[in-house]
Amino acid sequence: MHIFREIKALQAHLRLLRSTHSSVGLVPTMGALHEGHISLLKAARKQNNVIVCSIYVNPTQFNNPDDLKKYPRSIDADLDSLRSQNCDVVFCPDDAEMYGDADVGIAFPGLDNILEGEFRPGHFSGVAQVVAKLFHIVEPDHAYFGEKDFQQVVVIQRLVEALKFPVSIVTMPIVREPDGLAMSSRNRRLSPADRKQAIVLYDCLTYAREALVRHESFSSVQDAVRKKCSEHNAKLEYFCLADTRGLNLRNEIADPKNAILLIAAQVGPVRLIDNLRIQPD
Ligand code: AMP
């Protein structure tokens, strides 16, 4: 496994690999790897001759400096996991290498002011910047993203379409803990007591899906979700029903195949997100 901190050295290595191998898969991450990331690496390993994993805690996508400071970092364990997945190349740049003094804003009208965009101003501009940089640097044939960050997937698909990146985006389902909690690097920051309460996000989603399919009104479901969250000391930020395609917010299920529930809540010091399709593929 080759590890690079500099763009030029990485690109020289990839040029060599590309002359003898046909396809390159990229898995962008912020490290503190878990089974969710591993599912992306496994998919990439199956579909490509060369896989590149980036580990970079991207400062421009954090609107909360404390969240950035406390974001879990475990580079040595991450490199061990990547070796065991037969990852070919790891790219772990620092901020100077990725940004220098240059920073631009990228807007996603209609998408970056709802859900995560509403509660994390500037978040998707930061995500789009770093992903665009990684696409330019690595020039992957395929790039892998998890549905855990569903809105991020929609944003990246729009970025690729709008800026004509020659990459195909592959999305993978959410990997969960046995009790249903969506795996997340941030889960490491939950105290044992908060970890128990954190299951409330998935509970709300599964309850809401059943209730909506039974034709209960969205507002009564919202009330019940608010109540469940407060009983678990979770500070609800949003609970929404939306179309999977453009993420237009809805009050009822128009087409079950294209409907998704999304939730964000603060549990103890940790902000968690999750989502559930009304009808899985
Ligand atoms: P992160 O390191 O949190 O930025 O995540 C890197 C990639 O892994 C993103 O595409 C995430 O959506 C994906 N990911 C994170 N958690 C999960 C999960 N529980 N299941 C599937 N994919 C995930």
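Preceding this paragraph is the structure being described.
Residues numbered from 1 in each chain as written. Predicted model: local features only at pLDDT ≥ 70, side-chain atom pairs only at ≥ 80, totals over all residues. Heavy atoms only, no water.

1. A closer look at unusual backbone geometry
Look at alanine 32: it is not a glycine, yet its phi comes out positive at around 50°. Mapped onto the elements of the fold, alanine 32 is located in the loop between strand 2 (24–29) and helix 2 (35–47). The buried category is assigned to alanine 32, whose relative accessible area is 1%. (Helix = DSSP H or I, 4+ residues; strand = E, 2+ residues; numbered from the N terminus. Buried < 20%, exposed > 50% of the residue type's maximum accessible area, 1.4 Å probe, protein only.)

2. Regarding the sheet that holds strand 9 (residues 259–267)
Pairing in this open sheet of 4 strands is antiparallel, and the strands run 8-7-9-10 from one edge to the other. Looking at the sheet topology across the chains shown, the edges are occupied by strand 8 (249–250) and strand 10 (270–277). Pairing analysis gives 8 bridges linking strand 9 to strand 10, with the strands arranged antiparallel. Across the sheet, residue valine 267 finds its bridge partner in strand 10, namely valine 270. Helix 10 (residues 200–213) rests against strand 7 (234–243), strand 9 and strand 10 of the sheet, and its axis sits at about 30° to strand 10. (Pairing = 2+ DSSP bridges. Contact = heavy atoms within 4.5 Å. Axes fitted to C-alpha atoms, helices over the stretch in contact; angles between N-to-C directions.)

3. Quick look at the site of the ligand
As a matter of local geometry, the ligand sits amid 17 residues, with Met30, His37, Asp149, Val175 and Met183 nearest to it. Contact between the ligand and histidine 37: an oxygen atom at 2.8 Å from a side-chain N or O atom of the residue. Valine 175 is positioned with one of its backbone polar atoms (N or O) 2.8 Å from a nitrogen atom of the ligand. Across the complex, the protein chains shield 93% of the 480 Å² of accessible surface that the ligand would expose by itself. Listing elements by their share of the shell around the ligand, those giving two or more residues are strand 2, helix 2 and strand 5 (142–146). If you tally residues by element for the shell around the ligand, the top one is helix 2, at 3 residues. Considered class by class, the residues forming the shell around the ligand number 9 nonpolar, 6 polar and 2 charged. (Near = heavy atom within 4 Å. Polar contact = N/O pair within 3.5 Å; in protein donor to acceptor, adjacent residues only side chain to side chain. Areas by Shrake-Rupley, 256 points an atom, 1.4 Å probe, with all protein chains shown as cover. Nonpolar A, V, L, I, M, F, W, Y, C, P; charged D, E, K, R; others polar.)

4. Considerations on the nonpolar core
Judged by nonpolar contacts, the single largest core of 48 residues is most densely connected at Phe135 and Leu247. When residues of this core are assigned to their parent elements, the largest contribution, 10 residues, is made by helix 7 (residues 123–138). Among residues more than four places away in sequence, those in contact with phenylalanine 135 are Leu26, Pro140, Ala143, Phe145, Ile156, Val160, Phe165, Val167 and Ile169. By size, the runner-up hydrophobic cluster in this structure holds 26 residues, among which are Val225, Cys229, Ala265 and Ile278. (Core = buried A, V, L, I, M, F, W, Y, C linked by side-chain atoms within 4.5 Å.)

5. Here we look at the sheet that holds strand 6 (residues 168–172)
Here we have 6 strands laid out as an open sheet, ordered 1-4-3-2-5-6, and parallel in their pairing. Pairing within the sheet leaves two strands with one partner each, and these edge strands are strand 1 (2–4) and strand 6. Averaged over all pairs of adjacent strands, the angle between strand axes in this sheet comes to 25°, irrespective of strand direction. Pairing analysis gives 6 bridges linking strand 2 to strand 3 (residues 50–55), with the strands arranged parallel. Looking at the pairing, glycine 25 lines up with isoleucine 51 of strand 3. Those strands touched by helix 2 are strand 2, strand 3, strand 5 and strand 6, and its axis lies near 155° from that of strand 5. Together, strand 5 and strand 6 form the strand contacts of helix 8 (residues 150–163), whose direction differs from that of strand 6 by roughly 170°.

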